[in-house]
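Structure at a glance
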Amino acid sequence: MGSFVLLLASFLTWTILSREPLVVQALDSGVAKLPVLGYNTWNAYHCDINETVVLQAAKLMVSLGLSDVGYEHVNIDDCYAEKNRSASGDIVPDKERFAAGMNDLTDQIHAMGLKAGIYSDSGWFTCQLYPGSYQNEARDAKTFQDWGFDYLKFDNCAIPYDEIIREGIVGKYQRMANAIADLSKSSGKPPLIFSLCEWGEEQPWLWARRFGQSWRTTGDISPDWGSIANIINQNSFIAWASDFYGHNDMDILEIGNGDLTHDEAKTHFTAWALMKSPLLIGTDLSTITDDDLAILKNEEILAISQDPVVGTSVTPFRWGINPDWVSNSTHPAQYWSGESQNGTVFMLINTLDSPADMFFSLTESPWIRAGRQYSVRDLWTHTDNGTAVRNFTAHAVPAHGVVALLLKDAGDEPAGSGPPCARPEWCINQNGTLAPGA
């Protein structure tokens, strides 16, 4: 009996330890492989929307050259509907503000070479108490497709009582995900891009990629540096979750809104783009300044966001102000790097309230090869800035400002560039002698 128990225990131990870990695969349904670029009405207009406002935004995306650099989605947020469904149970567009109907709207948007997005909610109502989609997921998905929409943002307000829903957050969002997938199969059309918006409260980076192409990671953004820094801080710990077909959504852009300085706006855009968040413009494009427009149209930054070969985000290699892996909503991680098809990307954020020099050793990044030198491209000044050997210093980075660099391998470093190892820990000669400083 004792031998049998030992054998059984050994078998169970082997079974448990040898099992493959659970890996949540991305939903590759053929849409939104890369982060979505476009426009959303909420930050600029909130509920003050109508077909004129939406079409004006679409026309300005074209005339301002935004569509030329990749922005293609025009997304309507909350407040477009009547307060009640039709007698047959369908969502009805507001009869005054969208008098021509949604098909006319999406036809005009598509005629401009753009795509159209719509909004709903996983609960009884939207956040502004218009009809939500709970228990109407299949009906509403078909309505949105019939209206000509390509994209659905799905919020998380007006949650049904537990005794009715009897689901957690995963089951609640699976309802619409299933409806979208079923509709795609039955219609033969591409599925709606599905953007989950439950504000990061139940760790969507762990599960949402099986349902949709992006998921909000935080509460709502606001147009001030404190909000930008806080969102960067929160996302610094989950940046690993973004890849092709599934992206951390850091919320709608605030460039052009509030009191962000020019440098803060650049940092905002750089972080969102290099961390592979969707980039949805959220300002009144009829009044946007040339400086803000230039930020949104930085093609070298957008090329990293839309890299067709490497889908992963930059991640911190050193936090800087704080010890590594320490959360600080006012001073997020400062030193970041990541892969791209054309080299190693570096992002340096000065979280201080005054200019500062920012120094790093190249091999602090896991993507840099030891013993090599690297050409340096500045993605904001659009200049080639010589060659970096071992180290790099960005001088006088403005308060709340950013430096974005692309480093490309330029061959072996010159002889005598420094100690035997750039990182001295456990640096050792083949004869077993530790190098100086090791």
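What you are looking at is a predicted structure, and each value in this text was computed from that prediction instead of being measured. (Residues numbered from 1 in each chain as written. Predicted model: local features only at pLDDT ≥ 70, side-chain atom pairs only at ≥ 80, totals over all residues. Heavy atoms only, no water.)

A tally of regular secondary structure across the chain gives eleven helices and 16 strands. Here the chain has a C-alpha radius of gyration of 25 Å; the compact-globule value for 438 residues is 22 Å, and the two agree. Reported as C-alpha extents along the three principal axes, the dimensions of the chain are approximately 85 × 80 × 35 Å. Buried residues in the chain amount to 53% of all 438 residues. Considering only contacts within the chain whose residues lie at least 6 apart along the sequence, 72% involve residues at least 24 apart. Split by element, the accessible area of the chain, about 19,700 Å² in all, is 52% carbon and sulfur. Computing the positive centroid from 29 side-chain charges and the negative centroid from 54, the chain places the two 7 Å apart. (Helix = DSSP H or I, 4+ residues; strand = E, 2+ residues; numbered from the N terminus. Rg over C-alpha atoms; globule rule 2.2 N^0.38 Å. Buried < 20%, exposed > 50% of the residue type's maximum accessible area, 1.4 Å probe, protein only. Contact = heavy atoms within 4.5 Å. Areas by Shrake-Rupley, 256 points an atom, 1.4 Å probe, with all protein chains shown as cover. Lys, Arg positive; Asp, Glu negative; His and termini not counted. Charge placed at Lys NZ, Arg CZ, Asp CG, Glu CD.)

For the structure on display, the rule yields 16 salt bridges. In this structure, Asp 90 and Arg 139 form a salt bridge, with 2.9 Å as the shortest nitrogen-oxygen distance. Residue Asp 90 is located in the loop between β2 (73-75) and α4 (102-111), and its partner Arg 139 is located in helix α5 (residues 137-147); the two are separated by 49 residues in the primary sequence. Judged by its relative accessible area of 25%, Asp 90 is partly exposed. Between Asp 412 and Arg 372 there is a salt bridge; the shortest N-O distance is 2.5 Å. With Asp 412 in strand β16 (residues 402-412) and Arg 372 in strand β13 (residues 372-378), this pair connects stretches of sequence that are 40 residues apart. Here the residues in one salt-bridge network are Arg 369, Arg 372, Asp 409 and Asp 412, joined through shared partners. (Salt bridge = Lys/Arg side-chain N within 4 Å of Asp/Glu carboxyl O.)

Below, the discussion takes up the sheet that holds strand β8 (residues 279-281). Overall, parallel pairing links the eight strands, which are arranged β7-β6-β5-β4-β3-β2-β1-β8 in an open sheet. Either end of the sheet is taken by a strand with one partner, and the two such strands are β7 (247-249) and β8. Geometrically, the sheet is characterised by an average inter-axis angle of 25 degrees between neighbouring strands, direction not taken into account. Pairing geometry for strand β5 (residues 193-196) and strand β6 (residues 214-216), over two bridges, is parallel. In the sheet register, Ser 195 faces β6, and the bridge partner there is Ser 214. Contacts between helix α3 (residues 51-63) and the sheet are confined to β1 (37-40) and β2, with β2 contributing the most and set at about 160 degrees to the helix. (Pairing = 2+ DSSP bridges. Axes fitted to C-alpha atoms, helices over the stretch in contact; angles between N-to-C directions.)

This part covers the state of the cysteines. One pass over the structure, following the stated rule, counts three disulfides. In this model Cys 127 forms its disulfide with Cys 157; the gap between the sulfur atoms is 2.0 Å. With the S-S bond torsion at 85 degrees, the cross-link from Cys 127 to Cys 157 turns out right-handed. One end of the pair, Cys 127, is in the loop between β3 (115-121) and α5; the other, Cys 157, is in the loop between β4 (151-155) and α6 (162-165), and 30 residues separate them in sequence. (Disulfide = S-S within 2.5 Å.)

The next subject is the nonpolar core. A general tendency of soluble globular proteins is for nonpolar side chains to be buried together. Grouped together as the largest cluster of nonpolar side chains are 100 residues, with contacts concentrated most on Tyr 71, Ile 76, Tyr 80, Phe 194, Phe 269 and Trp 272. If near-sequence neighbours (up to four positions away) are discounted, Tyr 80 is found in contact with Ile 49, Ile 91, Pro 93, Asp 94, Phe 98, Met 102, Ile 118, Tyr 119, Phe 144 and Trp 147. Counting residues in each nonpolar core, the second largest holds 17 residues, with Met 358, Phe 360, Phe 392 and Val 403 among its members. (Core = buried A, V, L, I, M, F, W, Y, C linked by side-chain atoms within 4.5 Å.)

Nonpolar side chains collect at one region of the surface, where Trp 124, Phe 125, Leu 129, Tyr 161 and Ile 164 lie side by side and expose about 530 Å² of accessible area between them. We classify Trp 124 as partly exposed; its relative accessible area is 34%. (Patch = residues over 30% accessible without salt bridge, like charges linked within 9 Å, V, L, I, M, F, W, Y side chains within 5 Å.)

Between α3 and α4, whose axes approach to 10 Å, the crossing angle comes to 10 degrees. If you check the angle between α3 and α4, you find them roughly parallel. Together, Glu 51, Val 54, Leu 55 and Ala 58 of α3 and Leu 105, Gln 108 and Ile 109 of α4 make up the contact between the two elements. Here the residues of the contact of α3 with α4 sort into five nonpolar, one polar and one charged. (Parallel < 35°, antiparallel > 145°, perpendicular 65-115°, else oblique. Nonpolar A, V, L, I, M, F, W, Y, C, P; charged D, E, K, R; others polar.)

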